[in-house]
Amino acid sequence: AQSVSQHNHHVILSEAASLELGCNYSYGGTVNLFWYVQYPGQHLQLLLKYFSGDPLVKGIKGFEAEFIKSKFSFNLRKPSVQWSDTAEYFCAAKGNAGNMLTFGGGTRLMVKP
Amino acid sequence: KAGVTQTPRYLIKTRGQQVTLSCSPISGHRSVSWYQQTPGQGLQFLFEYFSETQRNKGNFPGRFSGRQFSNSRSEMNVSTLELGDSALYLCASSLEGYQPQHFGDGTRLSIL
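So, here is what we can say about the structure in this document. Given the structure is predicted, the values throughout are model-derived calculations rather than measurements. (Residues numbered from 1 in each chain as written. Chains lettered and ligands numbered in written order. Predicted model: local features only at pLDDT ≥ 70, side-chain atom pairs only at ≥ 80, totals over all residues. Heavy atoms only, no water.)

### With respect to the side chain of Gln36 of chain B
Residue and element names in this part refer to chain B.
Reasoning step 1: Relative to the helices and strands, Gln36 is located in strand 4 (residues 31–38).
Reasoning step 2: You can call Gln36 buried: its relative accessible area is 5%.
Reasoning step 3: Only 3.0 Å separates the side chain of Gln36 from the side chain of Tyr89, close enough to count as a polar contact. (Helix = DSSP H or I, 4+ residues; strand = E, 2+ residues; numbered from the N terminus. Buried < 20%, exposed > 50% of the residue type's maximum accessible area, 1.4 Å probe, protein only. Polar contact = N/O pair within 3.5 Å; in protein donor to acceptor, adjacent residues only side chain to side chain.)

Right, dumping it as structure tokens:
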């Protein structure tokens, strides 16, 4: 069965600190990977996506993620976080057939000013 | 371009009732998916519709059903509501192919 796990449930950082959120997946066949962000009171927004090609993908707001197939991982990174990055972050995966996303449990990030 | 629109935003129902939620996808998007978000279970896939046909279904009981109309608008129905159905129900739409899903604000359903 497909699954996505995020090991960090809560992360607290100070502004300008570097961020890395872990995501591991278990998926048979071709996998497409995503990171979504949910700011307080807002809808889920796509940060970045990986379908194929360069395993280092860059997204919006300075975020990037690296697909490491041998480790079944798709970790999210940002070199320097801002207070406005306070949000919940979700890693998600799907196969090539249809749009059934499997989400991780989410990571709540709090950035202290 | 208007985003995914879900109505209503909030609903309060009692056990045993049924409810219908509505989703209007982004113009041109033919795939519509529904998800349930709860604090305990997180985000779980309910079903996906494409061109009025259910293409994928998650692991939810038959009380949860949906449909899609010819204009791609979708409705989700939950019958015989239970307390555990209290959740935020999210709709997402996408173009076909290698395209990500775009989410609406959700309908928050509370069961008393």
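### Some words on the interface of chain B and chain A
Reasoning step 1: Each side of the interface is counted separately: chain B has 19 residues, and chain A has 17 residues.
Reasoning step 2: Taken together, both faces of the contact between chain B and chain A bury some 1,600 Å²; the carbon and sulfur share is 58%.
Reasoning step 3: Our count for the chain B to chain A interface comes out at zero salt bridges.
Reasoning step 4: Those elements giving two or more residues to the side of chain B that touches chain A turn out to be strand 4, strand 5 (42–50), strand 6 (53–57) and strand 9 (87–94) of chain B.
Reasoning step 5: For the side of chain B that touches chain A, the element with the highest residue contribution is strand 4 of chain B, accounting for four residues.
Reasoning step 6: Tallied by class, residues from the side of chain B that touches chain A come to seven nonpolar, eight polar and four charged. (Contact = heavy atoms within 4.5 Å. Buried area = accessible area lost by both parts, 1.4 Å probe. Salt bridge = Lys/Arg side-chain N within 4 Å of Asp/Glu carboxyl O. Nonpolar A, V, L, I, M, F, W, Y, C, P; charged D, E, K, R; others polar.)

### Some remarks on the sheet that holds strand 1 (residues 5–7) of chain B
Sheets are built from strands that pair by backbone hydrogen bonding, the pairs being arranged parallel or antiparallel.
Residue and element names in this part refer to chain B.
Reasoning step 1: Overall, antiparallel pairing links the four strands, which are arranged 1-3-8-7 in an open sheet. The strands lining the two open edges of the sheet, one partner per strand, are strand 1 and strand 7 (64–68). Each neighbouring strand pair of the sheet contributes to a mean axis angle of 20 degrees, computed without reference to strand direction.
Reasoning step 2: Alignment of strand 3 (residues 19–24) against strand 8 (residues 74–78), held across five bridges, turns out to be antiparallel. Across the sheet, the residue bridging to Ser22 is Glu75, located in strand 8. (Pairing = 2+ DSSP bridges. Axes fitted to C-alpha atoms, helices over the stretch in contact; angles between N-to-C directions.)

### Structural notes on the nonpolar core
Reasoning step 1: By size, the foremost hydrophobic cluster in this structure holds 29 residues, and its most contacted members are Leu33, Trp35, Leu47, Leu48, Phe74, Leu76 and Tyr89 of chain A.
Reasoning step 2: Broken down by element, the residue count for this core peaks at four residues, all from strand 10 (residues 87–94) of chain A.
Reasoning step 3: Core analysis: the next-biggest nonpolar cluster, separate from the first, contains 21 residues, Leu11, Val78, Ala87 and Tyr89 of chain B among them. (Core = buried A, V, L, I, M, F, W, Y, C linked by side-chain atoms within 4.5 Å.)

### With respect to the pattern of salt bridges
Residues and elements named next belong to chain A.
Reasoning step 1: Following the criterion strictly, the structure yields 11 salt bridges over all chains and no others.
Reasoning step 2: When the shortest N-O distance is used, the salt bridge between Lys58 and Glu64 registers 2.9 Å.
Reasoning step 3: For Lys58, a relative accessible area of 63% gives the class exposed.
Reasoning step 4: Judged by its relative accessible area of 18%, Glu64 is buried.
Reasoning step 5: Between Glu88 and Arg108 there is a salt bridge whose closest N-O contact spans 3.6 Å. Taken together, the residues Glu88 in strand 10 and Arg108 in strand 12 (residues 107–112) connect sequence positions 20 residues apart.
Reasoning step 6: Residue classification places Arg108 among the partly exposed residues on the basis of a relative accessible area of 49%.
Reasoning step 7: Through salt bridges with shared partners, a single network forms among Lys58, Glu64, Glu66 and Arg77.

Keep in mind that these numbers describe shape and distance, not what the molecule does.
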